[in-house]
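Reading the structure
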Amino acid sequence: MIIAATHENGEIFRHFGQTQTFKIYETHDGVVSSARIVPTNGAGHGALAGFLKENGVSVVICGGIGEGARNALTEQGIAFVSGAKGNADAAIAAYLAGELKSAGVNCGHHHGAGHVCGTHGCKHE
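Because the structure is a prediction, the values reported are computed rather than measured.

1. Considerations on the overall build of the protein
Scanning the protein from terminus to terminus reveals 3 helices and 6 strands. In sequence order, the secondary structure elements of the protein are arranged as β-β-β-β-α-β-α-β-α. Relative to its full complement of 125 residues, the protein shows a buried share of 39%. The contacts in the protein between residues at least 6 apart in sequence include a share of 50% that link residues at least 24 apart.

This is the structure in structure tokens:
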């Protein structure tokens, strides 16, 4: 199985659609056999699902994720576990041990009141 984690400086990055790099782990029999850090080259939100599919990813571990990104991942057949934080390697180990549970869609910043755009490519900027 190939698992990707949103990644920044060894930690789970806070928001799926804004991640600049993924750490992609190849696993066999519940053990990580290799890992590599892959830049997204500016792909954001929905485009990341295709990027992950091209890299053979079947599960994404992330901090926050919105409904649109969830839908894009689902269309590509990629599962996700949101609400993760801290060390990326530790999060993958927890997932493989069955100890990491998803928070589901936990980011509604594009749709809720008080939305504040920054530099993440939002069409509302």
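2. Focus: the environment of Gly 98
One can find Gly 98 in the segment after α3 (88-96). For Gly 98, a relative accessible area of 40% translates into the label partly exposed. Taking the C-alpha atoms as reference points, Gly 98 and Gly 30, 68 residues apart in sequence, are found 9.9 Å from one another.

3. Focus: the packing of aromatic side chains
Applying the stated rule across the entire model yields 2 aromatic pairs. A network of ring pairs unites the aromatic residues Phe 16, Phe 22 and Phe 51 as a single cluster.

4. Some details on the environment of Glu 8
Its place among the elements puts Glu 8 in strand β1 (residues 2-8). Counting along the chain gives 15 residues from Glu 8 to Lys 23, while the straight-line C-alpha distance between them is 8.9 Å. Apart from residues lying up to four places away in sequence, Glu 8 is in contact with Phe 13 and Thr 21.

5. Considerations on the pairing of strand β3 (residues 21-28)
Where β1 and β3 come together, 6 bridges link them in antiparallel fashion. From the neighbouring strand, Ala 5 faces β3, where its bridge partner is Lys 23. Examined bridge by bridge, β3 and strand β4 (residues 31-39) share 8 bridges and lie antiparallel to one another. Residue Ile 24 lies in a different strand from β4, and its bridge partner there is Arg 36. Counted between consecutive antiparallel strands, the loop separating β3 from β4 contains 2 residues, among which Asp 29 sits at a positive phi close to 55°.

6. A short note on the nonpolar core
Formed by 18 residues in total, the largest nonpolar core has its most connected members in Phe 16, Phe 22, Leu 52, Val 57, Val 60, Ile 65 and Leu 73. Taken together, the elements giving at least two residues each to this core come down to β3, α1 (46-54) and α2 (67-75). Looking at which element gives the most residues to this core, the answer is α1, with 4 residues. Counting 13 residues, the second-largest nonpolar core is a separate cluster that includes Ile 3, Ala 84, Ala 91 and Ala 94.

7. Considerations on unusual backbone geometry
You will see that Asn 9, though not glycine, has its phi angle at about 55°, which is positive. Tracing the backbone shows Asn 9 in the loop between β1 and β2 (11-12). Backbone geometry at Asp 29 places phi at a positive 55°, although glycine is not the residue there.

8. Re α3
Considered for burial, the residues of α3 that qualify are Ala 88, Ala 91, Ile 92 and Ala 94. For α3, the arc enclosing every buried residue in end-on projection is 160°, short of the 170-degree limit, so these residues lie on one face. Buried-residue contacts for α3 involve β1, β2, β3, β4 and β5 (59-61). Just downstream of α3, Gly 98 is the residue with a positive phi angle, here 80°.

Reading the values: rules and limits
Residues numbered from 1 in each chain as written. Predicted model: local features only at pLDDT ≥ 70, side-chain atom pairs only at ≥ 80, totals over all residues. Heavy atoms only, no water. Helix = DSSP H or I, 4+ residues; strand = E, 2+ residues; numbered from the N terminus. Buried < 20%, exposed > 50% of the residue type's maximum accessible area, 1.4 Å probe, protein only. Contact = heavy atoms within 4.5 Å. Phe/Tyr/Trp six-rings, centres within 6.5 Å; stacked < 30°, edge-to-face > 60°. Pairing = 2+ DSSP bridges. Core = buried A, V, L, I, M, F, W, Y, C linked by side-chain atoms within 4.5 Å. Arc of directions from axis to C-beta.

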